[in-house]
Amino acid sequence: MSSSDIFLGETIGTAVLILLGGGVCAAVTLKSSKARGAGWLAITFGWGFAVMTAVYMTASLSGAHLNPAVTIGIAIKDGAWGDVPVYVAGQMLGAMIGAALVWVAYYGQFRAHLTDESIISVAREEGMVDQKAAPAAGPVLGVFSTGPEIRNTWQNLATEIIGTVVLVLAVLTQGLNDSGKGLGVIGALITAFVVVSIGLSLGGPTGYAINPARDLGPRIVHALLPLPNKGGSDWSYAWIPVAGPLIGGAIAAGIYNIAFA
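Everything numeric in this text was worked out from a predicted model, so none of it was measured.

Re the overall build of the protein chain
Counting its secondary structure elements, the protein chain contains 11 helices and zero strands. Its C-alpha radius of gyration of 18 Å places the protein chain within 12% of the 18 Å reference for a compact globule of 261 residues. When burial is assessed residue by residue, the protein chain has 52% of its 261 residues classed as buried. Sequence separation of at least 24 residues holds for 79% of the intrachain contacts in the protein chain that already meet a minimum separation of 6. Of the charged side chains in the protein chain, 12 are positive and 14 negative; the average position of the first set lies 7 Å away from that of the second.

Here's the deal with the side chain of Glu10
Summarising the element assignment, Glu10 is placed in helix H1 (residues 3-29). Side-chain polar atoms of Glu10 contact the backbone nitrogen of Leu66, separated by 2.7 Å. Polar contacts involving the side chain of Glu10 include one to the side chain of Gln91, which spans 2.9 Å. Setting aside anything within four residues of it in sequence, one finds Glu10 in contact with Ser62, Ala64, His65, Leu66, Asn67, Tyr87, Gly90 and Gln91.

Quick word on the packing of aromatic side chains
Each aromatic ring pair is summarised here by two numbers: the centre-to-centre distance and the angle between the ring planes. Counting across every chain of the model gives five aromatic pairs. When the centroid spacing of 5.8 Å and the interplanar angle of 70° are considered together, the rings of Trp40 and Tyr208 count as edge-to-face. In this pair, Trp40 sits in helix H2 (residues 40-62) while Tyr208 sits in the loop between helix H9 (185-202) and helix H10 (212-224), placing the two residues 168 residues apart along the sequence. We classify Trp40 as partly exposed; its relative accessible area is 36%. Between Trp103 and Tyr107 the ring centres are 5.8 Å apart and the planes differ by 75°, which places this aromatic pair in the edge-to-face class.

What to know about the nonpolar core
Counting residues in each nonpolar core, the largest one holds 55 residues, and the members touching the most others are Leu17, Trp47, Phe110 and Phe144. When residues in this core are grouped by element, the largest group, nine residues, is from helix H8 (residues 153-175).

Observations concerning the pattern of salt bridges
Opposite charge on two side chains permits them to pair, given that their charged atoms come into close proximity. Evaluation of the coordinates by the stated rule reveals four salt bridges. A salt bridge links Lys31 to Asp116; the shortest N-O distance between them is 3.4 Å. Of this pair, Lys31 sits in the loop between H1 and H2 while Asp116 sits in the loop between helix H5 (107-114) and helix H6 (117-125); the two residues are 85 residues apart in sequence, bridging distant segments of the chain. For Lys31, a relative accessible area of 29% puts it in the partly exposed group. The class for Asp116 is buried, based on a relative accessible area of 16%. Between Arg219 and Asp215 there is a salt bridge; the shortest N-O distance is 2.6 Å.

Overview of the packing of H1 against helix H4 (residues 84-105)
Two numbers describe how H1 lies on H4: the axes approach to 6 Å, and their chain directions differ by 35°. In the crossing of H1 with H4, the sense of the turn from one axis to the other is right-handed. Looking at the contact of H1 with H4 residue by residue, the class counts come to 15 nonpolar, nine polar and one charged.

Description of a nonpolar patch on the surface
A cluster of nonpolar side chains, contributed by Phe7, Leu93, Ile97, Leu101 and Val104, occupies part of the molecular surface with about 390 Å² of accessible area. Per-element tally for the nonpolar patch: the top contributor is H4, with four residues. Within the fold, Ile97 resides in helix H4.

A short note on the side chain of Arg219
Considering the arrangement of structural elements, one finds Arg219 in helix H10. Taking the relative accessible area as the measure of exposure, Arg219 reaches 0% and is therefore buried. If near-sequence neighbours (up to four positions away) are discounted, Arg219 is found in contact with Leu141, Ser145, Thr146, Ser233, Asp234, Trp235, Tyr237, Ala238 and Pro241.

Looking at the environment of Ala80
Mapped onto the secondary structure, Ala80 falls in the loop between helix H3 (68-78) and H4. Considered as a pair, Ala80 and Pro148 are 68 residues apart in the sequence and their alpha carbons are 34 Å apart.

Concerning the packing of H1 against H2
With their axes 8 Å apart at the nearest point, H1 and H2 run at an angle of 165° to one another. Relative to H2, the element H1 is oriented roughly antiparallel. Like other packed secondary-structure pairs, H1 and H2 cross with a definite hand, here right-handed.

Comments concerning the environment of Gly127
Mapped onto the elements, Gly127 comes out in the loop between H6 and helix H7 (141-144). Linking Gly127 and Val171, residues 44 residues apart in sequence, is a C-alpha distance of 40 Å.

Thresholds applied
Residues numbered from 1 in each chain as written. Predicted model: local features only at pLDDT ≥ 70, side-chain atom pairs only at ≥ 80, totals over all residues. Heavy atoms only, no water. Helix = DSSP H or I, 4+ residues; strand = E, 2+ residues; numbered from the N terminus. Rg over C-alpha atoms; globule rule 2.2 N^0.38 Å. Buried < 20%, exposed > 50% of the residue type's maximum accessible area, 1.4 Å probe, protein only. Contact = heavy atoms within 4.5 Å. Lys, Arg positive; Asp, Glu negative; His and termini not counted. Charge placed at Lys NZ, Arg CZ, Asp CG, Glu CD. Polar contact = N/O pair within 3.5 Å; in protein donor to acceptor, adjacent residues only side chain to side chain. Phe/Tyr/Trp six-rings, centres within 6.5 Å; stacked < 30°, edge-to-face > 60°. Core = buried A, V, L, I, M, F, W, Y, C linked by side-chain atoms within 4.5 Å. Salt bridge = Lys/Arg side-chain N within 4 Å of Asp/Glu carboxyl O. Axes fitted to C-alpha atoms, helices over the stretch in contact; angles between N-to-C directions. Left-handed = near helix turned anticlockwise from the far one by under 90°. Nonpolar A, V, L, I, M, F, W, Y, C, P; charged D, E, K, R; others polar. Patch = residues over 30% accessible without salt bridge, like charges linked within 9 Å, V, L, I, M, F, W, Y side chains within 5 Å. Areas by Shrake-Rupley, 256 points an atom, 1.4 Å probe, with all protein chains shown as cover. Parallel < 35°, antiparallel > 145°, perpendicular 65-115°, else oblique.

This is the structure:
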């Protein structure tokens with residue numbers, strides 16, 4: 001795979017991943033969405049199908065890592081780091097494009113939600129839309145990125161590490177294609193269900209980022225978009241869904257090299 005193929009594949013794949021994954025969060029969250037209130041089960045399966053769609057779409061171009069934690073895990077496993085910056089650059093760009101497309105697709109719903117006085121009054125009471133109060137999270141931040149139900153740094157970090165170890169170890173043991181550069185055909189389906197399983201079992205505490213690009217790229221877009229009453233982007237928490245998955249990917253690769261190589 002050439003560098004241009006890797007960059008293009010990761011950009012397209014991660015954009016599709018975030019478009020469909022962030023899209024299901026928007027569908028469940030926003031006022032005037034037909035799927036509003038569909039719940040956690042819809043979100044977990046929506047993200048699983050998003051992974052499956054993105055991987056099948058771009059595996060032939062880049063191997064469809066779509067996640068810096070997966071890229072780091074494969075690099076540690078193989079000892080090959082040359083393409084890592086290209087993968088991560090494509091993943092970050094794709095995540096931002098995907099988040100922007102969610103905003104476009106749900107533009108009317110974002111405006112209806114963020115100008116609804118009943119929603120905004122609750123957000124004001126909870127300090128979400130008072131920028132001077134350094135709000136912990138905005139009223140629609142969950143459409144773009146993750147956040148904990150209980151703020152406990154070591155627990156939140158540990159949850160992201162554990163979930164990512166499961167994901168990356170599943171990729172390394174079940175799903176690599178013949179060239180070892182990404183998910184194969186059966187691996188894509190298996191990994192999609194692994195993502196659903198992680199969401200159902202381990203997603204409750206933090207929203208299971210398990211992917212630095214998935215969280216950081218859309219969080220940047222949230223900060224930049226002209227959304228009324230959007231509140232803060234919770235930058236004090238933002239390092240956890242970046243550091244946790246990267247640590248988890250490295251641990252998973254270490255386990256693989258010790259136990260499976």
